[in-house]
Amino acid sequence: MIFNTDTAKKTAELLLQINAIKLNPKNPFTWASGWKSPIYCDNRITLSFPQIRNYIREEFAKHIENEYGKPDVIAGVATGAIGIGMLVADVMGLPFVYVRPEPKKHGRQNQIEGHLQEGQSVVVVEDLISTGKSSLMAVEALKEAGANVKGMVAIFTYGFDVSVENFNNAGVKLNTLGNYDTLLELAVSKQYITEEEHDTLKEWRKTPDTWGQ
Ligand SMILES: O=P(O)(O)OC[C@H]1O[C@H](OP(=O)(O)OP(=O)(O)O)[C@H](O)[C@@H]1O
Ligand SMILES: O=C(O)c1cc(=O)[nH]c(=O)[nH]1
């Protein structure tokens, strides 16, 4: 669920402005889930724009504080949310850890990097939710380490039913700055996308798990 419509509109505007939204229906992107998609939202690009990463940082910090107060620790989901998670932790004056998709194979074999104590409250920062699988694996690792996971915040969600179900089943609260519906509406109204691209996206959105196969 988005925090509010103003933030969702602003987030969409900024992502479009920096060309973080990539469309390539002829040569679809492969997502982390294995799904094929005509669209890719590359939130990593926001880190390269100081004003935009500052906006995201401030919005996250404000909403985390409103929703959860100050947790003991901010966690970022690797790798996409290490940068922005660290910025949020810094502005909130909080410790930071990041969570790998799986334990590292050499060295200390950590999945969670940084200092985390059992019983500490944690808010998890993610860059993007498609199915939610990557994010929820990070939550699982944090819980196994004894963390008290308060909830998750992300820059963007596609809002797929499967992600809503996955978060509900895991009992994890998710709030995002932006979402697909708001982005699409703005992209159409500002003519960032052509009629043909809009038709492709409408078709894709009906069955994103099997599109392009
Ligand atoms: O909701 P999901 O279906 O799990 O997909 C979303 C995940 O995919 C991306 O990560 P990716 O695996 O591409 O790795 P990266 O963060 O290292 O770029 C993104 O950063 C999310 O973590
Ligand atoms: O599902 C993914 O892997 C994914 C989709 C997307 O739009 N952006 C991204 O960074 N990852």
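Predicted, not measured: the structure shown is a model, and the values here were computed from it.

Q: Can you lay out the overall build of the chain for me, pointing to particular residues and giving the numbers?
A: Check the secondary structure of the chain and you find seven helices and ten strands. For the chain, the C-alpha radius of gyration of 17 Å lies close to 17 Å, the compact-globule estimate for 213 residues. Taken over the C-alpha atoms alone, the chain extends approximately 50 × 35 × 30 Å along its principal axes. The buried share among the 213 residues of the chain stands at 49%. Residue pairs at least 24 apart in sequence account for 64% of intrachain contacts in the chain once pairs closer than 6 positions are excluded. Within the structure as shown, the chain displays about 10,800 Å² of accessible surface, and the carbon and sulfur contribution to it stands at 46%. Distance between charge centres in the chain, computed from 22 positive and 26 negative side chains, equals 4 Å.

Q: Account for the pattern of salt bridges, naming residues and giving values.
A: Oppositely charged side chains are able to pair whenever their charged atoms sit close together. Enumeration over the complete set of coordinates arrives at nine salt bridges. Among the salt bridges present, the one from Glu 102 reaches Lys 105, with a minimum N-O distance of 3.1 Å. A salt bridge links Lys 202 to Asp 199, with the shortest nitrogen-to-oxygen separation between them at 3.9 Å. With a gap of three residues between them, Lys 202 and Asp 199 both fall in helix α7 (residues 195-206), about one helical turn apart. Overall, the relative accessible area of 43% leaves Lys 202 in the partly exposed class. Judged by its relative accessible area of 41%, Asp 199 falls in the partly exposed class.

Q: Run through the site of ligand 1, naming residues and quoting values.
A: Neighbouring residues of ligand 1: 14 residues in total, closest Thr 79, Asp 127, Thr 131, Gly 132 and Ser 134. Here an oxygen atom of ligand 1 and a side-chain polar atom of Thr 79 are 2.4 Å apart. Within the side chain of Glu 126, an N or O atom sits 2.9 Å from an oxygen atom of ligand 1. Expressed as a share of its isolated accessible area of 500 Å², the protein-covered part of ligand 1 is 80%. Counting atoms within 2 Å of the grid points, the majority share of ligand 1 lands in the largest pocket. Elements supplying a minimum of two residues to the shell around ligand 1: β8 (121-129) and α4 (133-144).

Q: So, the side chain of Thr 11: which residues are in play, and what are the values?
A: Locating Thr 11 in the fold gives a position in helix α1 (residues 5-17). Polar contacts involving the side chain of Thr 11 include one to the main-chain carbonyl oxygen of Thr 7, which spans 2.7 Å. Each residue touching Thr 11, except ones within four places of it in the same chain, is listed here: Tyr 55, Ile 155, Leu 177 and Gly 178.

Q: Quick rundown of the site of ligand 2? Include the residues and the values.
A: Around ligand 2, the neighbouring residues are Trp 31, Ala 32, Tyr 40, Cys 41, Arg 44, Leu 128, Ser 130 and Tyr 158. Here an oxygen atom of ligand 2 sits 2.8 Å away from a polar atom, N or O, in the main chain of Cys 41. Between an oxygen atom of ligand 2 and a side-chain N or O atom of Ser 130, the distance comes to 2.7 Å. Against a free-state accessible area of 290 Å², the protein chains account for coverage of 93% of ligand 2. In this structure the site holding ligand 2 corresponds to the largest pocket.

Procedures and definitions
Residues numbered from 1 in each chain as written. Chains lettered and ligands numbered in written order. Predicted model: local features only at pLDDT ≥ 70, side-chain atom pairs only at ≥ 80, totals over all residues. Heavy atoms only, no water. Helix = DSSP H or I, 4+ residues; strand = E, 2+ residues; numbered from the N terminus. Rg over C-alpha atoms; globule rule 2.2 N^0.38 Å. Buried < 20%, exposed > 50% of the residue type's maximum accessible area, 1.4 Å probe, protein only. Contact = heavy atoms within 4.5 Å. Areas by Shrake-Rupley, 256 points an atom, 1.4 Å probe, with all protein chains shown as cover. Lys, Arg positive; Asp, Glu negative; His and termini not counted. Charge placed at Lys NZ, Arg CZ, Asp CG, Glu CD. Salt bridge = Lys/Arg side-chain N within 4 Å of Asp/Glu carboxyl O. Near = heavy atom within 4 Å. Polar contact = N/O pair within 3.5 Å; in protein donor to acceptor, adjacent residues only side chain to side chain. 1 Å grid on protein atoms, 1.4 Å probe; cavity = no way out; pocket = protein on both sides within 12 Å on 5 of 7 lines; lining within 4 Å. Sits in = over half its atoms within 2 Å of the grid points.

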